[in-house]
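Coordinates in review
Each chain, letter by letter, is given below.
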Amino acid sequence: MAREIIQTDKAPAAIGTYSQAVKVGSTVYLSGQIPLVPETMELVGDDAEAQIRRVFDNLSAVAEAAGGSLADVAKLNIFLTDLSHFPLVNEVMAGYFQQPYPARAAIGVAALPKGARVEMDAVMELNG
């Protein structure tokens, strides 16, 4: 099965040896997004809520470039440097997703690229 590389200027450019997303059949694998502003490639700031929102915005832009939306996300992985922000992730996520929610994992990590507080990746299934 052919792989299609997904790329959009509406999300941060890859900062390493990876693609923003790869589509295989009707499944799209979205690479991890940190809270970089696409135009500047700088962190949105140090505020946890602003970082969480920026990551969801970045994932949304990549999902749209692949022909879908966050509503098509089947699995979401969330990486946090401070698990006390877990309730905030839930609160912000409720503004981006509706039921039925995707499967999800939230993992505490020691550090993330560029000093980010949060990173998320996802698997999306497109219908048709």
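Remember, it's a predicted structure, so these values are computed and weren't measured experimentally.

1. Let's talk about the packing of aromatic side chains
Pairs of aromatic rings are described using the distance from one ring centre to the other and the angle between the two planes. Taken as a whole and assessed by the stated rule, the structure comprises 2 aromatic pairs. Here the aromatic rings of Phe 56 and Tyr 96 are separated by 5.0 Å at their centres, their planes lie at 25°, and the arrangement is stacked. Here Phe 56 is found in helix H1 (residues 48-65), whereas its partner Tyr 96 is found in the loop between helix H2 (86-93) and strand S7 (103-108), with 40 residues between them in sequence. A residue is classified by how much of its surface remains accessible, and Phe 56, at 0% relative accessible area, is buried. Take Tyr 96: its relative accessible area is 24%, and that puts it in the partly exposed class. Ring geometry for Phe 56 against Phe 97: centres 5.8 Å apart, planes inclined by 70°, an arrangement best described as edge-to-face.

2. Looking at unusual backbone geometry
Look at the link from Gln 99 to Pro 100: it is a cis peptide, with omega at 0°. Although it is not a glycine, Met 41 adopts a positive phi angle of roughly 60°. Of note, Met 41 is situated in the loop between strand S4 (36-37) and strand S5 (42-43). Positive phi outside glycine occurs at Lys 114, with the angle close to 60°.

What counts and what doesn't
Residues numbered from 1 in each chain as written. Predicted model: local features only at pLDDT ≥ 70, side-chain atom pairs only at ≥ 80, totals over all residues. Heavy atoms only, no water. Phe/Tyr/Trp six-rings, centres within 6.5 Å; stacked < 30°, edge-to-face > 60°. Helix = DSSP H or I, 4+ residues; strand = E, 2+ residues; numbered from the N terminus. Buried < 20%, exposed > 50% of the residue type's maximum accessible area, 1.4 Å probe, protein only.

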